[in-house]
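If you want the building blocks of each chain, they are given just below.
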Amino acid sequence: RKAFAALEAARKTVATALGATRPTEIIFTSGATEADDTAIIGLALGAQEALRLKGALPQTPHVIVSAIEHDAVLAPAHKLETLGFRVTRLGVDAHGFVEVRALEEALCDDTVLVSVQAANSEVGSIQPIAQLAALTHAHGALFHTDAVQALGKAPVNVNAWDVDAASFSAHKLGG
């Protein structure tokens with residue numbers, strides 16, 4: 001009971017710090033790779049099933065990831081390809097930014113999920129997550145961000161970003 005109480009207290013603290021609406025939105029995993037894998041595959045398969053139940057399942061569900069994602073995102077995207085999803089790896093501009101126009105052009109009626117890393121540790125780009133998520137939602141798809149590199153270095157508020165899922169890792173904050 002003490003361990004459960006400690007876990008629930010931690011969940012509330014993390015939810016408040018990240019701007020989550022409810023503590024139940026926080027799911028603890030072993031680390032960032034598991035968080036990305038769970039979010040990306042879970043959201044894509046869940047969206048596919050929701051469309052199937054509505055009788056609106058596309059021939060080939062579509063997922064978009066940026067081309068400069070961490071392997072923790074690229075690996076589940078590849079796994080989705082083996083499950084019959086079409087994956088677009090969206091290029092970035094010369095400064096490492098996903099262009100809103102390029103995402104808009106890549107989105108289609110079959111798109112079920114977009115995943116863009118909030119901050120890239122190799123090129124230093126901090127993506128306009130709220131803008132990309134809004135565009136994605138306007139097309140009826142879900143949005144995930146790997147925010148591991150952003151945590152502690154840039155403002156992070158999952159509610160303001162309006163993302164469907166975000167991945168973090170405690171090791172970036174000494175956890």
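Everything that follows concerns the structure shown earlier in this document.
Reference entry: report on the structure contained in this document. (Residues numbered from 1 in each chain as written. Predicted model: local features only at pLDDT ≥ 70, side-chain atom pairs only at ≥ 80, totals over all residues. Heavy atoms only, no water.)

## Some points on the overall build of the protein
- For the protein, the count of helices and strands is six helices and five strands.
- Against the 2.2 N^0.38 benchmark of 16 Å for 175 residues, the protein shows a C-alpha radius of gyration of 16 Å, consistent with a compact globule.
- Projected onto the principal axes, the alpha-carbon positions of the protein cover approximately 50 × 40 × 25 Å.
- Across the 175 residues of the protein, 41% fall into the buried class.
- Look at the contacts in the protein between residues 6 or more apart in sequence, and 62% of them connect residues 24 or more apart.
- Approximately 9300 Å² of the protein is accessible, and the part contributed by carbon and sulfur atoms is 55%.
- With 13 positive and 19 negative side-chain charges, the protein shows a spacing of 11 Å between the two charge centroids. (Helix = DSSP H or I, 4+ residues; strand = E, 2+ residues; numbered from the N terminus. Rg over C-alpha atoms; globule rule 2.2 N^0.38 Å. Buried < 20%, exposed > 50% of the residue type's maximum accessible area, 1.4 Å probe, protein only. Contact = heavy atoms within 4.5 Å. Areas by Shrake-Rupley, 256 points an atom, 1.4 Å probe, with all protein chains shown as cover. Lys, Arg positive; Asp, Glu negative; His and termini not counted. Charge placed at Lys NZ, Arg CZ, Asp CG, Glu CD.)

## Regarding the side chain of D146
- Structurally, the position occupied by D146 is in strand β4 (residues 142-146).
- Here the side chain of D146 touches V148 through a polar contact of 3.1 Å, landing on its backbone nitrogen.
- If we skip the residues at most four places from it in the chain, D146 touches D36, E69, H70, V73, V116, Q117, A118, A119 and S167. (Polar contact = N/O pair within 3.5 Å; in protein donor to acceptor, adjacent residues only side chain to side chain.)

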